[in-house]
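# A look at the structure
If you want the building blocks of each chain, they are given just below.
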Amino acid sequence: MLNRKRKHLKYAFQAIATVIVALATLEATFLIQYFFSRNTLYEEATRQAEEELEATNLHITDVLDQVETAVRNNVWPVRKTLAVPDSLWPLTRRIVECNPSVYGAAIALKEDYFPDKGRLFATYAYRSGDQIDTIHMGKASYGYPGKEWFIKPLEQNGGYWSEPYYDSGGGELLMTTYSIPVTDSDGNMAAVLTSDISLDWLTDMVGDVEGYPSAFSVLVSRTGQLMVCPAPAFVMRATVQEVAATLEDSTTVRDISLAMLAGERGSRQVMYDGEKQYVFYAPIDRAGWSMAIVVPHKEIYGDVKRVGFLVILLQVFGILLMSYILYVALRNQLRFREVSENKSRIDSELRVARNIQMSMLPTSFLTTPEHTEIDMSGVIVPAREVGGDLYDFYVRDGKLYFCIGDVSGKGVPASLVMSVTRSLFRSVSAHEKSPQRIVTSMNDSMADMNENNMFVTFFLGVLNLGNGHLWFCNAGHNPPVRTGPGTAALLDVVPNLPLGIVPGLQFQEQEIDLTCGEGLFLYTDGLTEAEDMDKVLFGEKQMLDNLLQSGAESADLQVKSMLSSVMAHVRGTDPNDDLTMLSIRFMNASPLAGLDRHLSLRNDINDIPRLHEYMQGISEEADLDHPFAMSLNLALEEAVSNVMLYAYPAGTEGQVDIDTHIREDHIEFSVSDSGVPFDPTAKVDPNLELDVEERPVGGLGIYLVKRIMDSVSYARKDGKNILTMIKKR
Amino acid sequence: MEVHITESEGTMTARLVGRLDTPASSEVIREVQPLLDHAGETLVLDCSDLTYISSSGLRIFLTLRKAAAAAGGHVVVEGLSSEIRQVFMMTGFLQLFEIR
């Protein structure tokens, strides 16, 4: 039990280990994939952001290029027009007309360039609705010579993009101005030509990043002015540094803004709006601006998280399923093991039981030289491991006690009844000679304890090995076959009832005489009722035919020949009943021609014990029963002691000779001596009617001899007294 | 052959064990002398373990019976086996003794 528990535990551990290994492998695969996916997703986000940055850069540069080109193309006309100051008006207007992206254009001359036009002279044309208006910008209050857009180009002697600004004149428009210096025909700085462009398109162009709906863009000028950002309130009203100071992760944002202002390119992770965000930034070289794209962490990795969650869900489901399948498989396996272990245990127990059962039955068939008068052989073929058939035999007092039986049913219960039957046979027949009394006694014992209504068909025989006389008693068993050279016939038996059915039943005994070479073939119905594949029985006829052939053969050959016939008959079928055969052949060629024994004694009564021994030997040899043997002994002792006491004169030695001749129907004693002639039979019988006082104490010996023996005769022959006594059997 | 004699109030008991054949009888007749000496009392012959008896054995029984008759006692025979009872019957001894 403990062992089995241990085994169960072992299997459970193996199963759990399998699940754990599977889980670990799955998890490792999942993690590798997860991190690989994350990496890919990050790279993808980076690529997208950089593409966006690059696209925006190109786009802005393209627009600015157009503006720059348009402005530069007008440098030469302006220079030529310097000679006619008033012509600058239509020129300015035409610049605006010809360039749709230009919002306004100006030509501002250096101080006192046209002395007759005053100190300051500047023409300005701009779009107002569908029209283009022109105004003079030379008011002292505006003071354009101090403006950045005027000073820078002159200083740098090249084009200059102004910081973006809100145009306060013509509505809330984000503007920037490109200015370029114009020299006169003498090569002196004469004027600055400018074009204003609206930056409203920036807000439309900069902003969306495909695939990341919450992502946003920030565009800053070279001084850090926010040109595009998600909070419109800050546009052109705050610098990126100012805004950075108000954010939760201000240090990182400030670092980023410094890098941006320095025209660097890169990416950083930052906490913003309560979550992790990635900032990708790059300069817009032409304008000196910088742009950043902010993508929320969760949008980069959102998918992988969702997929990861699904994968984990699937894994949990898979593991549960696998565990369940393993559990069921393991349970079935264990059950199967248990069943097969039990089965093999039962099988081995049945094999042991069969060995025990077989060892109960005698297997050496009296083949020793002292039993030349008998030839036996037998076999049991159980239908299952253990069976309910039995045979048994043994020799006691010159007689063979044998039996065959068939317990109703098969298997273990039948085998138990079989052992009981066999034990009863042994114990009852140990002190009983009559088959009828043995069978009756066995029946009583078995009927008494027969609670399961099992019964036994039984045949019991007692064969006198001296003369072939067979007493037998049948208890519902198949009649045996009387065999002999050229003969085989069913024995005519009184059927009686099987053992164990009716207690107190009187069984009938029968007897026959076997001659040398004759025998009995005993069998159970497993022989006659053996079925072939078509359910045809082996049958009594086939059995008798077989015995007719082998009737003169040895018992062993008879059994072997029968067994091979029946095995050929049942080939290809499962045996449906135990099969038992026992063949007994009487082989004594000189049955009791006679038992002749001689004994000589001295005329001394102290030799009488030798006479007892002599009689004991004879009664055993001739199988005389005890009361009979004792009365013979008494008669003989009386005859012999009579001789010892009276035949010879006192003091002389003499001899008494005793000869015993046992014949089939009688026993003869002759007692002879060489003493004085004396006829004991002549003595008058004592009067048994006398009173005690009158009865003589002697004279009973010869009287007893006469009473016991059937005939007593005296003869005087060759100087000898010969007393002959005969007793019929 | 053995004889075990025990005595109690007015009763002498002889238990006979074995075969009472001719040679044994010549000894047993001496061993039962105490019973002959008390022939006036009750004499019990226990034959439970007596396996055989010959005519010389019967002679001892009869001798004791005669002595008892003369002295006014009586003899009781106990425990006869069927074989010995048969001998008693053949010789008319069953009528001579009180058989128990």
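Residues numbered from 1 in each chain as written. Chains lettered and ligands numbered in written order. Predicted model: local features only at pLDDT ≥ 70, side-chain atom pairs only at ≥ 80, totals over all residues.

## Things to note about the overall build of chain A
Along its length, chain A carries 16 helices and 27 strands. Considering only residue pairs separated by 6 or more positions, chain A has 63% of its internal contacts joining residues 24 or more positions apart. (Helix = DSSP H or I, 4+ residues; strand = E, 2+ residues; numbered from the N terminus. Contact = placed C-beta atoms within 7 Å.)

## Here we look at the overall build of chain B
Across its full length, chain B carries 5 helices and 5 strands. Starting at the N terminus, the α and β elements of chain B follow one another as β-β-α-α-β-α-β-α-α-β. Classification of the 100 residues of chain B by burial places 41% in the buried group. Partitioning the contacts of chain B with sequence separation of at least 6, the portion at a separation of at least 24 is 71%. (Buried ≥ 20, exposed ≤ 12 C-beta atoms within 10 Å, placed from the backbone.)

## Looking at the interface of chain A and chain B
Each partner contributes to the interface: chain A provides 19 residues, whereas chain B provides 20 residues. Elements with a contribution of two residues or more to the side of chain A that touches chain B: α15 (626-646) and α16 (701-708) of chain A.

## Considerations on helix α3 (residues 88-98) of chain A
All names here are of chain A. Within α3 the residues assigned to the buried category are Leu88, Thr92, Ile95 and Val96. Here the buried residues of α3 occupy an arc of 95° about the axis, which is enough to place them on one side. Those residues of α3 that are buried lie in contact with α2 (75-81), β1 (102-109), β2 (122-128), β3 (131-136) and β7 (189-198). (Arc of directions from axis to C-beta.)

## Re the sheet that holds strand β16 (residues 456-464) of chain A
All names here are of chain A. Overall, antiparallel pairing links the 5 strands, which are arranged β14-β15-β16-β17-β20 in an open sheet. With partners counted over all chains shown, the strands left at the sheet margins are β14 (389-396) and β20 (509-513), one partner each. On average, adjacent strands in this sheet sit at an angle of 15° to one another, irrespective of strand direction. Sheet strands in contact with helix α9 (residues 411-429) are β14, β15 (399-407) and β16, and its direction is about 160° off that of β15. (Pairing = 2+ DSSP bridges. Axes fitted to C-alpha atoms, helices over the stretch in contact; angles between N-to-C directions.)

## Thoughts on the pairing of β15(A)
All names here are of chain A. Among the 9 residues in β15, 9 count as buried, and that is most of the element. The alternating pattern of β15 places Lys399, Tyr401, Cys403, Gly405 and Val407 on one face and Leu400, Phe402, Ile404 and Asp406 on the opposite face, and all of these are buried. Relative to β15, β14 runs antiparallel, the two sharing 8 bridges. Bridge pairing in β15 places Val395 opposite Leu400. Between β14 and β15, which pair antiparallel and follow one another directly, the connecting turn spans 2 residues, one of which, Asp397, has a positive phi of 50°. Two elements, β15 and β16, share 9 bridges in a ladder whose sense is antiparallel.

## Thoughts on the environment of Ile708(A)
Residue and element names in this part refer to chain A. Within the element layout of this structure, Ile708 appears in helix α16. In this structure, the C-alpha to C-alpha distance between Ile708 and Lys727, residues 19 residues apart in sequence, is 8.0 Å. Among all residues touching Ile708, those that are not within four sequence positions of it are Ser631, Leu634 and Ala635.

## A few points about the nonpolar core
Residue and element names in this part refer to chain A. One finds Ala292 and Val295 to be the most contacted residues of the largest nonpolar core, which totals 75 residues. Tallying contributions element by element places helix α1 (residues 2-73) first for this core, with 8 residues. Filtering out sequence-adjacent residues up to four positions away, Val295 remains in contact with Ala45, Ala49, Val209, Tyr212, Ala215, Gln277, Tyr278 and Ile300. (Core = buried A, V, L, I, M, F, W, Y, C linked by C-beta atoms within 7 Å.)

## Topic: unusual backbone geometry
All names here are of chain A. Positive phi is not limited to glycine here, since Asn157 has a value of about 50°. Here Asn157 is to be found in the loop between α4 (148-156) and β4 (160-161). Look at Asn157 and you get exposed, because 10 C-beta atoms sit within 10 Å.

## Notes on the sheet that holds strand β18 (residues 481-484) of chain A
Residue and element names in this part refer to chain A. Reading across the sheet, the 5 strands line up as β13-β22-β21-β18-β19 and stay open at both edges, with antiparallel pairing between neighbours. Each having just a single partner strand, β13 (374-381) and β19 (487-490) make up the two edges of the open sheet. Mean inter-strand twist for the sheet, computed between neighbouring axes without regard to direction, equals 15°. One ladder, built from 4 bridges, connects β18 with β19; its direction is antiparallel. Bridge assignment links Arg482 to a residue of β19, and that residue is Ala489.

## Observations concerning the confidence of the model for chain B
Summary statistics for chain B give a mean pLDDT of 92 and a share of 100% for residues scoring 70 or more. The ipTM assigned to the predicted complex is 0.95, against a pTM of 0.42. (pLDDT = per-residue confidence, 0-100.)

## Considerations on the packing of α9(A) against helix α10 (residues 435-448) of chain A
Residue and element names in this part refer to chain A. Look at α9 against α10: their axes get within 10 Å of each other, and the N-to-C directions meet at 135°. Regarding the angle of α9 to α10, the classification is oblique. The two elements α9 and α10 cross, and the hand of that crossing is right-handed. Note on element contacts: α10 touches α9 through Ile438, Ser441, Met442, Ser445 and Met446, opposite Leu424, Phe425, Val428 and Ser429. Classifying every residue of the contact of α9 with α10 by side-chain character gives 6 nonpolar, 3 polar and no charged. (Parallel < 35°, antiparallel > 145°, perpendicular 65-115°, else oblique. Left-handed = near helix turned anticlockwise from the far one by under 90°. Nonpolar A, V, L, I, M, F, W, Y, C, P; charged D, E, K, R; others polar.)

## Observations regarding the environment of Tyr272(A)
All names here are of chain A. Counting through the fold element by element, Tyr272 comes out in strand β10 (residues 266-272). For Tyr272, a count of 17 C-beta atoms within 10 Å gives the class partly exposed. Excluding anything up to four places from it in sequence, Tyr272 contacts Leu247, Asp249, Gln277 and Val294.

## Section: the packing of helix α14 (residues 608-621) of chain A against α15(A)
Residues and elements named next belong to chain A. Across the interface, α14 lies against α15 with an axial gap of 10 Å and an inter-helix angle of 145°. Seen along the crossing, α14 lies across α15 with a hand that is right-handed. For the pair α14 and α15, contact is made by Ile608, Leu611, His612, Met615 and Ser619 and by Ala629, Leu632, Asn633, Leu636, Glu637, Val640 and Ser641, respectively. For the contact of α14 with α15, the per-class residue count stands at 7 nonpolar, 4 polar and 1 charged.

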